[in-house]
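Residue strings, one per chain:
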Amino acid sequence: MKQLGEILLGEGIVTEAQLLAAIDEQVVSGTSLGRTLVELGMLTENQLVQALATQVGMQFVDLDEHPVDRAAVAMVPGALCRRYTVLPIAIENGVLVLATADPGNVMAVDDVRTVSGLQVLPVISSYDVLVRAIDRFVRADGEMENLSSAFEDAQPEPEADLSRMGDFVDDDAPIVRYVNLLVTQAITDRASDIHIEPTEHDLRVRYRIDGVLHETQRSPKNITGGVVSRVKIMSDIDIAEKRKPQDGRMSVVHNGRKIDLRVATLPTVWGEKIVMRILDNSTASLDLRDLSFLEHNYQTYQESYTKPYGMILVTGPTGSGKSTTLYATLNAVSKPDINVITVEDPVEYRLAGINQVQVNPKAGLTFAAALRSILRSDPDVVLLGEIRDHETAQIAIEAALTGHLVLSTLHTNDAPSAVTRLTEMGIEPFLVGSALDCVVAQRLARRLCPKCKVPYQPTPEEMEAARFPWVPGEPLPEIFRPGGCTACSRTGYKGRLALHEVMRVTEDIERHAVAHSSSADIAATAVRQGMTSLRDDGWHKVALGQTSIEEILRVVA
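None of the values given here were measured: they were computed from a predicted structure. (Residues numbered from 1 in each chain as written. Predicted model: local features only at pLDDT ≥ 70, side-chain atom pairs only at ≥ 80, totals over all residues. Heavy atoms only, no water.)

A.B. asks: For the overall build of the chain, give the residues involved together with the corresponding values.
C.D. replies: Check the secondary structure of the chain and you find 23 helices and 18 strands. Of all 557 residues assigned to the chain, the portion counted as buried reaches 48%. The contacts of the chain with a sequence gap of at least 6 include a subset with a gap of at least 24, amounting to 63%. As displayed, the chain has an accessible area near 26,200 Å², and 51% of this comes from carbon and sulfur atoms. (Helix = DSSP H or I, 4+ residues; strand = E, 2+ residues; numbered from the N terminus. Buried < 20%, exposed > 50% of the residue type's maximum accessible area, 1.4 Å probe, protein only. Contact = heavy atoms within 4.5 Å. Areas by Shrake-Rupley, 256 points an atom, 1.4 Å probe, with all protein chains shown as cover.)

This is the structure:
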C-alpha cells in the first residue's frame, strides 16, 4: 500500500518542500501527517479524504457534487443513517452504494446490509460534507407523511376536545411528534420562519428560507386544532382565546444548541394561523465585519458608532436584518466599563452583560415609559427596538442630545427618508439635524451558491434594462448567475447578504432638515457627498460575484 505522502506528491497536490515541512511539524505536534497538512493549510479536508481513499483502494465521492438517489436513501431508516453517519446514495446492479466517513466501521455496513437486504459497497466521503448531505436527504418528510396518513384515518374530534389536544405529557403522541418534526426540519433547512396556515380543506406548512417561502407540507384539516393548541401551550399562550392575535415564545434544543422561537397567532376565516420566527442566538454574536459591508460603508458607520453620543437609525422593511445589525453594533461597543440598556418588543436575543427590558403595554411599560425610566439608570448606550410615535422619538432625540449613544430602527424605504419621517412625527427639524448622526438603510438579498454559480458576460441590452452602472463602449464585466446543485437544493442560492445605504448627517443635510427639504433633495446631496445607494451597493456585490442582477432587482425598487 502506498504511503500518503507518495500519493499526494504523485497527484501534485503538495510539493516536496511542503511535505518535508509537514513531516518536521508532525514530529513536533505528534498528529498524523494528513491532519498536519490540513492544519498548515497545504491540504483541504476533501483532498485529505480523497488521498486516504486512494491509499486504501476505495472510491471517493464528493456529496456536494454527486447525485443522490432518493430511492436508495429510502431503503435505510434515517435514525440508522444518523447513528453511524452513513448515507445510501445509489443502487448499482443490485448493490447499495453507501457513503461513509469511517470505512473501518464494519458494524455500520452489516446493519445497513441487514435492513436493506442488499449487498453494500462502501465509498468514502468527508465527514462534514456527509453530515450536510444527511441533513438534506434524511429528512423528516417520511415520518411526517406517515403521521399525516394516520391523521387522515382518524375520526374528526369535537371542537371542544380539539382545544385540549395540544396538552400532552406523552412525547410520542402524534400531535407532539408532528410539531417537533416541523420545528426540527425548519431549523435543519436554515428557515427563518415557519408558517402554519389553515385553509378550507387542509393545513398548509411553509418555511421561509433565504427570504423566500417554500411549501413543505399539507396535512388533514382535522388536526388544525391540535397543532395550534400544542404550539400555544409550548409558547405559554392562552389556548382558550381564539378571537384575537397573541404572542409568545418557546425554546427548543437542536443538535446541542438552544434555539428560541418567537410565536405569533392570527385569527383567519379558516382558523388560527401561526408564524414562528426562529431566533438563532449565534446571530446575536455576529461581528459587524460579517454583515457584508463594503469597506467605505463600514468606515463611515464605524465613525458614527464609536462616538460617545448621537443617534444612529437602521431602516428597512420587516425581515431586512435591522435587529441583526443593531446587535452586532452592540457587540462592537459593549465593554465592561460602559452601561448598555435595551428596550425591545419583544427581546429577540439574550445578550450577556447587557440589561434588556421587555416592553409590557398592559402594565404601562411602553417604549416611551421604559425609555424615560432607563435614562434615570445612568446608561451610556441605549438600544430602542423601534421608534413608533412622537413621544418615543422626542425622548430618544433628547437622550442623544444629552450625551447618550442611541441606536434604534425606523420603517422607511431609504436612508434620506428617515430625516423627513422624524419631522413628520412632530420632531423639531433643528433637533433632528443636531441629534441624528447616521442612518443605515438595508435589504437582504440571496447569496449565490459558491459551488454552482455560473460566470457569464451580459449583453449591453441586459445592462441597460437593469440600469447597471456601465458606460457604453467599455468592456462588459464578467458577472455570475445562479446554477443549481445539491448543496443549495437546486435553487442556485445559499445564504443571504445585506445591501447597505449609509448616510452621515452632515451640515448640508442638517440645513435640508431645517428647510423641510424633500427626501429626493436630501438623497441627491448625500450621494454628492459620497453615499452609495442601495441599488449601487447591490451592483458592487454583483460585480464581486456575491449575488445576481435578478436578485438585486427583486429586493431593491
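Next, the rest of the story.
A.B. asks: Please give an account of the layout of surface pockets that cites residues and values.
C.D. replies: Of the volumes computed, that of the second largest pocket is approximately 820 Å³. Lining the second largest pocket are 31 residues, with Arg136, Thr188, Asp189, Arg190 and Ser489 positioned closest to its centre. Those elements that provide at least two residues to the lining of the second largest pocket are helix 8 (127–137), helix 11 (174–188), strand 5 (202–209), strand 6 (212–220) and strand 18 (493–504). Counting residues per element, the lining of the second largest pocket draws most heavily on helix 8, at 5 residues. (1 Å grid on protein atoms, 1.4 Å probe; cavity = no way out; pocket = protein on both sides within 12 Å on 5 of 7 lines; lining within 4 Å. Points joined across faces, edges and corners; volume = space filled by probe spheres on them.)

A.B. asks: Hey, could you go over a negative patch on the surface for me, with residue numbers and the actual values?
C.D. replies: On the surface, a cluster of negative charge is contributed by Glu461, Glu462, Glu464 and Glu550. Element by element, the count of residues in the negative patch is highest for helix 19 (residues 460–466), at 3 residues. Its relative accessible area of 53% is what places Glu464 among the exposed residues. (Patch = residues over 30% accessible without salt bridge, like charges linked within 9 Å, V, L, I, M, F, W, Y side chains within 5 Å. Salt bridge = Lys/Arg side-chain N within 4 Å of Asp/Glu carboxyl O. Lys, Arg positive; Asp, Glu negative; His and termini not counted. Charge placed at Lys NZ, Arg CZ, Asp CG, Glu CD.)

A.B. asks: Can you explain the packing of helix 20 (residues 507–514) against helix 21 (residues 519–528)? Please cite residues and give values.
C.D. replies: It is the contact of helix 20 with helix 21, at a shortest axis distance of 10 Å, that shows an interaxial angle of 175°. In terms of their interaxial angle, helix 20 and helix 21 are classed as roughly antiparallel. Across from Asp508, Ile509 and His512 in helix 20, the residues of helix 21 making contact are Asp521, Ile522, Thr525 and Ala526. (Axes fitted to C-alpha atoms, helices over the stretch in contact; angles between N-to-C directions. Parallel < 35°, antiparallel > 145°, perpendicular 65-115°, else oblique.)

A.B. asks: Can you lay out the sheet that holds strand 13 (residues 381–384) for me, pointing to particular residues and giving the numbers?
C.D. replies: Adjacent strands of a sheet form backbone hydrogen bonds with each other and so pair up, either parallel or antiparallel. Read from one edge to the other, the open sheet built from 7 strands follows the order 12-11-13-14-10-15-18, with strand pairing classed as mixed. Strands with a single pairing partner mark the edges of an open sheet, and in this sheet they are strand 12 (355–358) and strand 18. Mean inter-strand twist for the sheet, computed between neighbouring axes without regard to direction, equals 20°. Both strand 11 (residues 340–344) and strand 13 contribute to a ladder of 4 bridges, which runs parallel. When the sheet's bridge partners are listed, Thr342 is paired in strand 13 with Leu383. In the packing of helix 16 (residues 390–401) onto the sheet, the strands contacted are strand 10 (310–315), strand 13 and strand 14 (405–410), and the crossing angle to strand 10 comes to about 135°. (Pairing = 2+ DSSP bridges.)

A.B. asks: An account of the sheet that holds strand 8 (residues 257–268) is requested, with residue identities and associated values reported.
C.D. replies: Here 6 strands make up an open sheet; going across it, the order is 6-5-4-9-8-7 and the pairing antiparallel. Each having just a single partner strand, strand 6 and strand 7 (246–254) make up the two edges of the open sheet. On average, each strand axis in the sheet is tilted by 20° relative to the strand beside it, whichever way the strands run. Two strands pair when backbone bridges link them, and strand 4 (residues 191–198) and strand 9 (residues 271–280) are joined in this way by 4 bridges, in the antiparallel orientation. What sits directly across from Ile194, in strand 9, is Met276. Docked against the sheet, helix 12 (residues 224–234) engages strand 4, strand 5, strand 6, strand 7, strand 8 and strand 9, running at close to 40° with respect to strand 9.

A.B. asks: Describe the packing of aromatic side chains, with residues and values.
C.D. replies: Overall, the coordinates contain 4 aromatic pairs when judged by the stated rule. Ring geometry for Phe293 against Tyr301: centres 5.7 Å apart, planes inclined by 15°, an arrangement best described as stacked. As far as burial versus exposure is concerned, Phe293 and Tyr301 are alike and both buried. Seen in terms of ring centroids, Phe468 and Trp539 are 5.0 Å apart; in terms of plane orientation they differ by 45°. Their pairing is tilted. Here Trp539 lies in helix 22 (residues 534–543) and Phe468 lies in the loop between helix 19 and strand 17 (479–481), a separation of 71 residues in the sequence. (Phe/Tyr/Trp six-rings, centres within 6.5 Å; stacked < 30°, edge-to-face > 60°.)

A.B. asks: So what's going on with the pairing of strand 4? Residues and values would help.
C.D. replies: With 8 of its 8 residues buried, strand 4 lies for the most part within the structure. Where strand 4 hands over to strand 5, the hairpin turn is made up of 3 residues, counted between the paired strands.

A.B. asks: Got a sec to walk through the packing of helix 17 (residues 416–424) against helix 21? Specific residues and values, please.
C.D. replies: Running from N to C, helix 17 and helix 21 point in directions that differ by 140°, and their axes come no closer than 8 Å. Put simply, helix 17 runs oblique to helix 21. As helix 17 runs across helix 21, the sense of the crossing is right-handed. Within the contact between the two elements, helix 17 uses Pro416, Ser417, Val419 and Thr420 and helix 21 uses Ser519, Ile522 and Ala523. (Left-handed = near helix turned anticlockwise from the far one by under 90°.)

A.B. asks: Pulling in residues and values, what's your account of the confidence of the model for the chain?
C.D. replies: Residues with a pLDDT of 70 or more make up 87% of the chain, whose mean pLDDT is 84. Across the chain, strand 10 holds the top mean pLDDT of 95, while helix 10 (residues 159–162) sits lowest at 39. Here residues 156–169 scores under 50 on pLDDT; set against residues more than four positions off or in separate chains, the count is 21 contacts. (pLDDT = per-residue confidence, 0-100.)

A.B. asks: Tell me about the side chain of Glu241, and name the residues and values.
C.D. replies: With respect to the helices and strands, the residue Glu241 is situated in the loop between helix 12 and strand 7. Among the residues examined, Glu241 registers a relative accessible area of 13% and is labelled buried. Polar side-chain contacts of Glu241 include one of 3.5 Å to the backbone nitrogen of Lys244. Sequence-distant contacts of Glu241, that is, excluding residues within four places in its chain, are made with Lys232, Gln246 and Glu272. (Polar contact = N/O pair within 3.5 Å; in protein donor to acceptor, adjacent residues only side chain to side chain.)

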